[in-house]
Amino acid sequence: MNIAEIRRDFPILERQIEGKPLVYLDNAATSQTPRQVVETIEQMYYRHKANVHRGVHTISQEATDLLESTREKVRCFINAGSTDEVIFTRGTTEGINLVASSMGDRFDNGDEIIITAMEHHSNIVPWQLLGQRKRIRLRVVPVDDRGELNLQAYEDLFTENTRFVSLAHVSNVLGTVNPVAQMVEMAHRHGVPVLVDGAQAAPHLAVDVRQLDCDFYTLSSHKMYGPTGVGVLYGKRHLLQAMPPYQGGGEMIGNVTFEKTTWADLPFKFEAGTPDFVGIAAFGAAIDYVNALGIDAIAAHEHILLEEATRLLQQIPGMRIFGTAPGKGAVISFLVGNISSYDMGLLLDKLGIAVRTGHHCAQPLMARYGVQGMVRASFAVYNTLPEVQRFVEGVRRVAAMFG
């Protein structure tokens, strides 16, 4: 790949912060957006803005076609069996909440849900909210010092009361790529369905939901070069058909009377109200962008950046890197000596380097490692080796200030 050419697609990378060229390393929180995606948003507002699925006029049909073409692009991107299994949401968080709310209706007091110690709050809190209504018990798979899950402990958590498993494909803090296919197979031996949080996986590695055999998979547009406020929930058809709607309103109905309402067919049963058809169309452009570059090529480039950053950071006295599992994703979380993550992040920003600091919406994981927060650098296709060197030199410079 021609990284210099790719970078020209992202005007924000030309910015200066505190008089210094921007080095953007907060991609696990949200990636930047290429011109092609922004231009799609512009064209949607200027040429194709009309409500979808509801009009016979030309503009409405154009908007509908653009939305549904994105649904097909998503289906291909994750290798779902049908577009009926692709539900548009506002993001991964809403996808998890949808499943917790709708599928949670069938759970009873005393039922158990298995999650892992490395989950984002978005895959903890929805189940806790369900637990407040149904007195559901959460059981947690432990993580070792390297950031790997204990699969024997996972197996041992299954009981006759286990009803569901929900786990991250890739940790947003540690970068660990979990053995999802194996964990799904283990759960299915107990007759337990599995949801996979793919927010940190979909932008960086090939996702095949049929090969994983997961029952649900969620992802977010804004982490894969698309607009904010758009996400996807994949679900196996028979499970989605059996679940009640998450929200009520227009679009998701079959027939409405004052006595009774019937639901629309999949996928519309779970898409109440006017969708963000502008954002969804732009998400389609983002998928086109990723496909044109090639997900495997993106992953290979990011791996080079991760290896070099790890090698150089390890040379800094007092460096502690959290998450050293083999094959990890392009995320590196660390602390240096007694320097707080906040201080490190604030001073790196003065050098034009954008990183993430704090608990990264994973407070239980912070407690596991005995820290209040970490500094996280996360890479994307437009990052470069010179940027890695600037970042490491910045960390070294800040560390020296506290030395």
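Residues numbered from 1 in each chain as written. Predicted model: local features only at pLDDT ≥ 70, side-chain atom pairs only at ≥ 80, totals over all residues. Heavy atoms only, no water.

Enquirer: Explain the overall build of the protein residue by residue, including any values.
Expert: Looking only at helices and strands, the protein has 14 helices and 17 strands in total. The globule rule puts the C-alpha radius of gyration for 403 residues at 22 Å, and the 22 Å found for the protein is close to it. Viewed in the frame of its principal axes, the protein has a C-alpha envelope of about 70 × 55 × 35 Å. By the burial criterion, 56% of the 403 residues in the protein qualify as buried. Contacts in the protein between residues far apart in sequence, at least 24 positions, make up 71% of those at least 6 positions apart. Here the protein has roughly 17100 Å² of accessible surface; of this, 50% comes from carbon and sulfur atoms. Computed over 37 positive and 44 negative side-chain charges, the separation of the two mean positions in the protein equals 4 Å. (Helix = DSSP H or I, 4+ residues; strand = E, 2+ residues; numbered from the N terminus. Rg over C-alpha atoms; globule rule 2.2 N^0.38 Å. Buried < 20%, exposed > 50% of the residue type's maximum accessible area, 1.4 Å probe, protein only. Contact = heavy atoms within 4.5 Å. Areas by Shrake-Rupley, 256 points an atom, 1.4 Å probe, with all protein chains shown as cover. Lys, Arg positive; Asp, Glu negative; His and termini not counted. Charge placed at Lys NZ, Arg CZ, Asp CG, Glu CD.)

Enquirer: Can you tell me about unusual backbone geometry, naming the residues and giving the values?
Expert: In this chain, Leu-266 is followed by Pro-267 through a cis amide linkage whose omega measures 5°. You can see Pro-267 is positioned in the loop between β12 (261-263) and α10 (277-293). Phi is positive for Glu-18, close to 55°, though the residue is something other than glycine. With respect to the secondary-structure elements, Glu-18 resides in the loop between β1 (16-17) and β2 (20-21). Positive phi, close to 55°, is recorded for Cys-361, a residue that is not glycine. The residue Cys-361 is located in the loop between β16 (356-358) and α13 (363-368) in this model.

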